[in-house]
Amino acid sequence: MEKMQKPNFNFLFTILLAMSMVATSSAQLKVGFYQSTCPTAESIVSSVVKQADAGTQAGLVRLHFHDCFVRGCDGSVLIASTASNPSERASPINLSLRPQAFAVIDQAKTQLEAACPGIVSCADIVALAARDSAAALGLGITYPVQTGRRDGTVSLASEPLQNLPQFNFTLAQLESTFAGKGLSVNDMVVLSGAHSVGIAHCSSFTNRLYPTVDPSLNPTFASQLLSVCPSADTSSNNPTTSLDVLTPNTLDNKYFVDLLARRVVLTSDEDLRGSVPTLALVTTYALLGRAWSDLFAVSMVKMGRIGVQTGSQGEIRKVCSAIN
């Protein structure tokens, strides 16, 4: 593994200081929104999430990301397609979202409708489930979730590819995509650490293996990937591999250690080495796991405020997969 550069602690201090400056509300979001109308809301979601396996919990973190980047955090990613309206779930980039993650949201919604009919939005369930999953997977990752989101009434299959970062994006494309959602370069690097859990299909990284192996890959790691994906053609067989080779079921800073050792699967992950500022952040978080996990919580709260609908906007769906 390459020798780590000395982290810029002054820069890190600036970032940590910014934690105390994150706005405490967005529109009408607030911590404890359901305290009087459905006091068991968060405990119900937490209970359902705790029953899920690590892979499903990783999928729930990803589901929140895919929801917020398309039309804001409005639960539109949950809506099932109809004959007249292919929804976000039908987009190629969303086909790998875990069915079990959707099932957890549906199970939580069923229990919430029994306890508090018409009160808790599907968008909030996604946000709460992501937090509870991060807590279950991570080493001390926890944060208060601002709730009060309303559910969106539009979901289009054409929009995810226009809004979500893709596995073959360049660093410039990644930075532009995150900036377009009001997220900083630091948010981008911090949130990329979610790739410490979860899996990738061969189709998302065979571009690094065929026709020739990407020279930025660690040779031993490249050989391992070639054994998982023996062909560039994944149309009939599309195996998976863990995104993090060190601690694949723990949400921690080992993703950044992998990155410095050139053992990351996706082009978009490798690209974080592509500039002095992003490489400095990667190096810092590889060394300071506690700092990363604290900032991950901050960036998740920030992402959870993207484009929210509140008040009388949108609706509270009765079933998360269908508009009322």
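So, here's what we can say about the structure. Since this is a predicted model, take the numbers as computed values, not measurements.

**Regarding the state of the cysteines**
At step 1: Scanning the model with the defined rule gives four disulfides in all.
At step 2: Paired through a disulfide, C38 and C116 show a sulfur-sulfur distance of 2.1 Å. Given an S-S torsion of about 75°, the disulfide between C38 and C116 has right-handed geometry. Remark: C116 occurs in the loop between α4 (99-115) and α5 (122-137) and C38 occurs in the loop between β1 (30-31) and α2 (41-50); sequence separation between them is 78 residues. As far as burial versus exposure is concerned, C38 and C116 are alike and both buried.
At step 3: A sulfur-sulfur separation of 1.9 Å characterises the disulfide bridge that pairs C202 with C229. Every disulfide takes its handedness from the sign of the S-S torsion; for C202 and C229 that torsion is -85°, giving left-handed. Of this pair, C202 sits in the loop between β3 (199-201) and α9 (219-228) while C229 sits in the loop between α9 and β4 (240-242), and the two are 27 residues apart along the sequence. Each member of the pair, C202 as well as C229, carries the same accessibility label: buried.

**Notes on unusual backbone geometry**
At step 1: Across the junction of Y210 and P211, the peptide omega takes the value 0°, indicating a cis bond.
At step 2: On the secondary structure map, P211 appears in the loop between β3 and α9.
At step 3: Of note in the backbone geometry, R71 takes a positive phi value of approximately 65° without being a glycine.
At step 4: Residue placement: R71 occurs in the loop between α3 (54-68) and α4.
At step 5: Under the relative-accessibility criterion, R71 is labelled partly exposed at 37%.
At step 6: Its identity as a non-glycine residue notwithstanding, R262 has a phi of 60°, on the positive side.
At step 7: Secondary-structure assignment places R262 in the loop between α10 (254-260) and α11 (267-270).
At step 8: For R262, a relative accessible area of 25% corresponds to the partly exposed category.

Rules behind the numbers
Residues numbered from 1 in each chain as written. Predicted model: local features only at pLDDT ≥ 70, side-chain atom pairs only at ≥ 80, totals over all residues. Heavy atoms only, no water. Disulfide = S-S within 2.5 Å. Helix = DSSP H or I, 4+ residues; strand = E, 2+ residues; numbered from the N terminus. Buried < 20%, exposed > 50% of the residue type's maximum accessible area, 1.4 Å probe, protein only.

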